[in-house]
Amino acid sequence: PAPAPARHLFSDPAEVEALRGSLLAWYDRCRRDLPWRTLAATEPDADRRAYAVWVSEIMLQQTQVATVIDYYNRWMQKWPTLQALAQASLEEVNELWSGLGYYSRGKRLQEAARKVVSELAGRMPRTAGDLQKLLPGVGRYTAGAIASISYGQATGVVDGNVIRVLCRLRCIGADSSSPAVIDRLWDMANALVDRSRPGDFNQALMELGAMVCVPKAPLCGECPVKQHCQARRRKLLGKPAAVPDVEDCGVGGCPLCPPATEPWDSSLGVTNFPRKAAKKQPRVARTATCVLERRGCHGALEYFIVQRPSSGLLAGLWEFPSLPLAQGLQEEKQRELLADHLQAWTGQPVVARSLRFIGEVIHIFSHIHQTYVVYSLPLDGDVTLDPALSPSRWVTEEEFHASAVSTAMKKV
């Protein structure tokens, strides 16, 4: 790639030291009291620290901190060590993960725990490179977080918060999701990380993005590193001069500047950065779902649920019998297809008109705009289960909510 001009880099050692000092001092004063930080700070065993950090980082992917705290506390209470998690079943993992979303995260976490126990003699890899190479589901960011926080390796981290902070500090306006820009940001993070307190520095950088340098309406006046922020300087001074100085990018050719077609918008200020590519629209999908119900032996209503395949979307979770629908199907045809599908489960013919339409439920996955067309069907007796079909069972409402079911099915 073309070389980045000096204005985008942290090339002054004195500035780097000042930035590190200001950021760490702010973090020591202002950091949030989070359970994984407390555990990582008080646990003397490095591998147990690493496990605690690992669980938190996997849970925090795509999920807000406030949501994760309760899940994290329950997880660590149930499986306080990596060895305990390795002995758990996937069903137990899915049950605890229910509602947290992106269920493959929990599955890979358990797979990796089993690998550490069975193939690595119970010892966690100690470097970011080995963590990423040896543990399924551990990417570059998670490996850097574990290695720096738990083992003191002077390696940087780059997540969404760090991308936003670095792009504003150095006016990086190229597409921040592009591989070339991401590589540059990793280079910057590795150059900036404090050698004596790498874990605290990385957490401070992420905390700054989460609490101060937020996507909209950033609190620039409260920022501990505002004197190093080029986006803020640009906001205060207005557009750069027509004749750039020696540190400016000149005309075109800079791989980190905003494209010429997207000039600085003075009304946005520092939120001109980072620039992102247009978000891909989610795929639209429709699914017919039937809630089969019966009266159990004690008179309570019971519902029939089946287990999804072990791979793909919502792998291994339980759901009401469901059938993907082609776009544009008339309701009469939907009923007929669903009735045919249900016949395999009930072992008896299902009349399409006996399905009662309940309504539609919309659930947005990261890449799918899913509509569930919901029907119900009361049954008189038991269902003859075909062993060739997926696992299935009858559950009460209480048992349903305690099972490994998705948020979408709870909506249904």
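Residues numbered from 1 in each chain as written. Predicted model: local features only at pLDDT ≥ 70, side-chain atom pairs only at ≥ 80, totals over all residues. Heavy atoms only, no water.

The name an unreviewed UniProt entry gives the protein chain is Adenine DNA glycosylase, with Anhinga anhinga as the organism. Turning to the protein chain, the UniProt record has this under Catalytic activity (unreviewed entry): "Hydrolyzes free adenine bases from 7,8-dihydro-8-oxoguanine:adenine mismatched double-stranded DNA, leaving an apurinic site." Under the UniProt heading Sequence similarities (unreviewed entry), the entry covering the protein chain gives this text: "Belongs to the Nth/MutY family." (UniProt positions renumbered as here; feature names shortened; annotations may be inferred.)

Packing of helix α3 (residues 46–60) against helix α4 (residues 65–78) brings their axes to within 10 Å, and their N-to-C directions diverge by 140 degrees. The angle between α3 and α4 falls in the class oblique. The crossing of α3 and α4 is right-handed. Two secondary-structure elements touch here, α3 through Tyr51, Ala52, Val55, Ser56, Met59 and Leu60 and α4 through Val65, Val68, Tyr71, Tyr72, Trp75 and Met76. Looking at side-chain class alone, the contact of α3 with α4 contains eleven nonpolar, one polar and no charged residues. (Axes fitted to C-alpha atoms, helices over the stretch in contact; angles between N-to-C directions. Helix = DSSP H or I, 4+ residues; strand = E, 2+ residues; numbered from the N terminus. Parallel < 35°, antiparallel > 145°, perpendicular 65-115°, else oblique. Left-handed = near helix turned anticlockwise from the far one by under 90°. Contact = heavy atoms within 4.5 Å. Nonpolar A, V, L, I, M, F, W, Y, C, P; charged D, E, K, R; others polar.)

The positions UniProt marks with the feature "domain: HhH-GPD" (unreviewed entry) are residues 59–211. A helix fraction of 67% and a strand fraction of 0% characterise residues 59–211, whose end C-alpha atoms lie 19 Å from each other.

Counting residues in hydrophobic clusters, the biggest one holds 105 residues, and the most contacted among them are Tyr51, Trp54, Met59, Trp75, Met124 and Leu185. In terms of residue count, the dominant contributor to this core is α3 (nine residues). Each of domain 1 (6–237) and domain 2 (283–402) gives at least three residues to this core. The contact partners of Met59, leaving out residues within four places of it in the chain, are Val68, Tyr71, Tyr72, Trp75, Trp97, Leu100 and Arg105. Of all hydrophobic cores here, the second largest spans 18 residues; its members include Val306, Leu325, Val350 and Val373. (Core = buried A, V, L, I, M, F, W, Y, C linked by side-chain atoms within 4.5 Å. Buried < 20%, exposed > 50% of the residue type's maximum accessible area, 1.4 Å probe, protein only. Domains from an automatic or database assignment.)

Turning our eyes to something else, we now look at the packing of aromatic side chains. All told, the structure shown has six aromatic pairs when counted by the stated rule. Aromatic pair Trp36 and Tyr72: ring centres 5.2 Å apart, planes at 75 degrees, arrangement edge-to-face. Placement of the pair is Trp36 in helix α2 (residues 35–42) and Tyr72 in helix α4, with a sequence separation of 36 residues. In this pair, the class of Trp36 matches that of Tyr72, namely buried. When the ring of Trp75 is compared with that of Trp97, the centres are 5.7 Å apart and the planes differ by 80 degrees; the resulting orientation is edge-to-face. Separated by 22 residues along the polypeptide, Trp75 in helix α4 and Trp97 in helix α6 (residues 90–97) bring together distant segments of the chain. (Phe/Tyr/Trp six-rings, centres within 6.5 Å; stacked < 30°, edge-to-face > 60°.)

What follows concerns the domain arrangement of the protein chain. As assigned here, the protein chain comprises domain 1 (6–237) and domain 2 (283–402). A C-alpha centroid distance of 40 Å is found between domain 1 and domain 2. Counting residues at the interface gives six residues for domain 1, matched by ten residues for domain 2. Interface area for domain 1 against domain 2, summed over the two sides, is near 570 Å², with a carbon-plus-sulfur share of 45%. When the buried area of domain 1 at its contact with domain 2 is split by residue, Glu91, Asn94 and Tyr103 rank highest and sum to 59% of it. Viewed at the interface, domain 2 and domain 1 are joined by one salt bridge. The closest approach of N and O atoms between Glu91 and Arg393, which form a salt bridge, is 3.8 Å. (Buried area = accessible area lost by both parts, 1.4 Å probe. Salt bridge = Lys/Arg side-chain N within 4 Å of Asp/Glu carboxyl O.)

In this section: the environment of Gly139. With respect to the element layout, Gly139 can be found in the loop between α8 (128–134) and α9 (140–151). With 81 residues separating them in the primary sequence, Gly139 and Ile58 have C-alpha atoms 10.0 Å apart.

What follows covers the pattern of salt bridges. Evaluated as defined, the whole model comprises 17 salt bridges. A salt bridge links Arg37 to Glu207; its shortest N-O distance comes to 2.9 Å. Of this pair, Arg37 sits in helix α2 while Glu207 sits in helix α12 (residues 198–211), and the two are 170 residues apart along the sequence. The buried category is assigned to Glu207, whose relative accessible area is 1%. Through salt bridges with shared partners, a single network forms among Asp28, Arg31, Arg197 and Asp200.

All right, on to the packing of helix α1 (residues 13–30) against α12 then. Across the interface, α1 lies against α12 with an axial gap of 9 Å and an inter-helix angle of 75 degrees. As judged from the angle between their axes, α1 and α12 are roughly perpendicular. Of the residues in α12, those in contact with Leu19, Arg20, Leu23, Leu24, Trp26, Tyr27 and Cys30 of α1 are Asp200, Phe201, Gln203, Ala204, Leu205, Glu207 and Leu208. A class-by-class count of the residues in the contact of α1 with α12 yields ten nonpolar, one polar and three charged.

Another aspect to go through is the environment of Ser267. Mapped onto the fold, Ser267 is located in the loop between α13 (230–237) and β1 (283–295). Judged by its relative accessible area of 63%, Ser267 falls in the exposed class. For the pair Ser267 and Gly296, spaced 29 residues apart in sequence, the C-alpha to C-alpha distance is 63 Å. Within the local environment of Ser267, its side chain forms a polar contact with the side chain of Asp265, the two groups lying 2.6 Å apart. (Polar contact = N/O pair within 3.5 Å; in protein donor to acceptor, adjacent residues only side chain to side chain.)

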